[in-house]
Amino acid sequence: MANVRDLKKDINYVLGDIIEAVYVWEMENTDKDTKESEAIIDEAIETFDVLIAKVNAKDVERPKAHFKAINLELEEKGKALIEKINKLS
């Protein structure tokens, strides 16, 4: 992990790209219901808020391990959201 600023950028880019992918899906599928896609966007925003709060947490005993765990959580949540996008019908 390079630094906190890069981790924040990664969180922003990954979740921003996921939200953008949902918007693209909605534009391509105007005839379909958007409740599921809106739920994915809401989940991405919630994930963003949680991860940024963890990054900004003070009094962390082992910073490297803490930030590595956040990075792994971002990966897991990002993959799960991408799978949900792929399952949209």
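Within any chain, residue numbers begin from 1 and follow the written order of that chain's sequence. Per-residue local features are limited, in this predicted model, to residues with pLDDT of at least 70; the limit for side-chain atom pairs, both in listing and counting, is 80 or more; totals at the level of whole chains, interfaces and linings are taken over all residues. To get the side-chain values, all heavy atoms of the structure are used, and hydrogens and water are removed first.

The helix and strand labels rest on DSSP assignments: H or I over at least four residues marks a helix, E over at least two residues marks a strand, and numbering proceeds from the N terminus. A count of helical and extended segments in the protein chain gives three helices and zero strands. Each helix and strand of the protein chain, placed in order from N terminus to C terminus, yields the pattern α-α-α. Taking the principal axes of the C-alpha coordinates as reference, the protein chain spans close to 50 × 20 × 15 Å. Relative to its 89 residues, the protein chain shows a buried fraction of 28%. Exposure was quantified through the Shrake-Rupley algorithm and a 1.4 Å probe, taking into account, for residues, occlusion by the shown protein chains and nothing else. A total of about 6300 Å² of accessible surface is found on the protein chain, and carbon and sulfur atoms cover 51% of it. One finds the centroid of the 14 positive side-chain charges in the protein chain at a distance of 8 Å from the centroid of its 20 negative side-chain charges. Any residue under 20% of the maximum accessible area for its type is buried, any over 50% is exposed, and the rest in between are partly exposed; the area is computed with a 1.4 Å probe on protein chains only. A residue counts as positive if it is Lys or Arg and as negative if it is Asp or Glu; His and the chain ends are not included. To locate a charge, take atom NZ for lysine, CZ for arginine, CG for aspartate or CD for glutamate.

The phi torsion of most residues other than glycine is negative, and most of the peptide bonds are trans. Even without being glycine, Asp59 reaches a positive phi, approximately 60°. Assignment of secondary structure puts Asp59 in the loop between helix 2 (35-55) and helix 3 (63-87). Taking relative accessible area as the criterion, Asp59 reaches 79% and is therefore assigned exposed.

Another point: a negative patch on the surface. Patches draw on residues past 30% relative accessible area with no salt bridge. Two like charges within 9 Å are joined, as are two nonpolar side chains (Val, Leu, Ile, Met, Phe, Trp, Tyr) within 5 Å. Salt bridge, as applied in this entry: a Lys or Arg side-chain nitrogen positioned within 4 Å of an Asp or Glu carboxyl oxygen. A cluster of acidic side chains, namely Asp33, Glu36, Glu38, Asp42, Glu46 and Asp49, defines a negative patch on the protein surface. Here Asp49 shows up in helix 2. In this structure Asp49 comes out as partly exposed when scored by relative accessible area, which is 46%.

For a helix, the expected span equals 1.5 Å multiplied by the residue count minus one. A rise of 1.5 Å per residue sets the reference length of helix 1 (residues 4-28), with its 25 residues, at 36 Å; its end C-alpha atoms lie 36 Å apart and thus fit the reference within 8%. Inspection of helix 1 places Leu7, Ile11, Leu15, Ile18, Ile19, Val22, Trp25 and Glu26 among the buried residues, and these make up the whole buried set. Looking at the buried side of helix 1, the elements it contacts are helix 2 and helix 3. The N-cap residue of helix 1 is Asn3: its side-chain oxygen and the backbone nitrogen of Arg5 are 3.2 Å apart. For this analysis, residues touch if any pair of their heavy atoms sits within 4.5 Å. A 3.5 Å cut-off defines polar contacts: any pair of N or O atoms within that distance qualifies, except that in protein one atom must be a possible hydrogen donor and the other a possible acceptor, and neighbouring residues in sequence count only when both atoms are side-chain atoms.

Here we take up the nonpolar core. The nonpolar side chains of a soluble globular protein tend to be buried, and buried together. For this analysis, a nonpolar core means a set of buried residues of the types Ala, Val, Leu, Ile, Met, Phe, Trp, Tyr and Cys, connected via side-chain atoms within 4.5 Å. Formed by 19 residues in total, the largest nonpolar core has its most connected members in Leu7, Ile11, Leu15, Ile40, Val55, Ile70 and Leu81. Contributing elements (two or more residues each) for this core: helix 1, helix 2 and helix 3. Per element, the largest residue contribution to this core is seven residues, and it comes from helix 1. Excluding residues within four positions of it along the chain, Leu81 makes contact with Leu15, Ile18, Ile40, Glu43 and Ala44.

Next up on the list: the packing of helix 1 against helix 2. Every angle, taken between N-to-C directions, lies between 0 and 180 degrees, and every axis is a line fitted to C-alpha atoms, over only the stretch in contact when it is a helix. Look at helix 1 against helix 2: their axes get within 10 Å of each other, and the N-to-C directions meet at 175°. In terms of their interaxial angle, helix 1 and helix 2 are classed as roughly antiparallel. In contact with Val4, Leu7, Lys8, Ile11, Asn12, Leu15, Ile19, Val22, Tyr23, Trp25 and Glu26 of helix 1, helix 2 contributes Ser37, Glu38, Ile40, Ile41, Ala44, Ile45, Thr47, Phe48, Leu51, Ile52 and Val55. Side-chain classes follow a simple rule in which Ala, Val, Leu, Ile, Met, Phe, Trp, Tyr, Cys and Pro form the nonpolar group, Asp, Glu, Lys and Arg form the charged group, and the remainder, Gly included, forms the polar group. Tallied by class, the residues present in the contact of helix 1 with helix 2 amount to 16 nonpolar, three polar and three charged. Angle categories are assigned with fixed cut-offs, so that under 35 degrees is roughly parallel, over 145 is roughly antiparallel, 65 to 115 is roughly perpendicular, and the rest are oblique.

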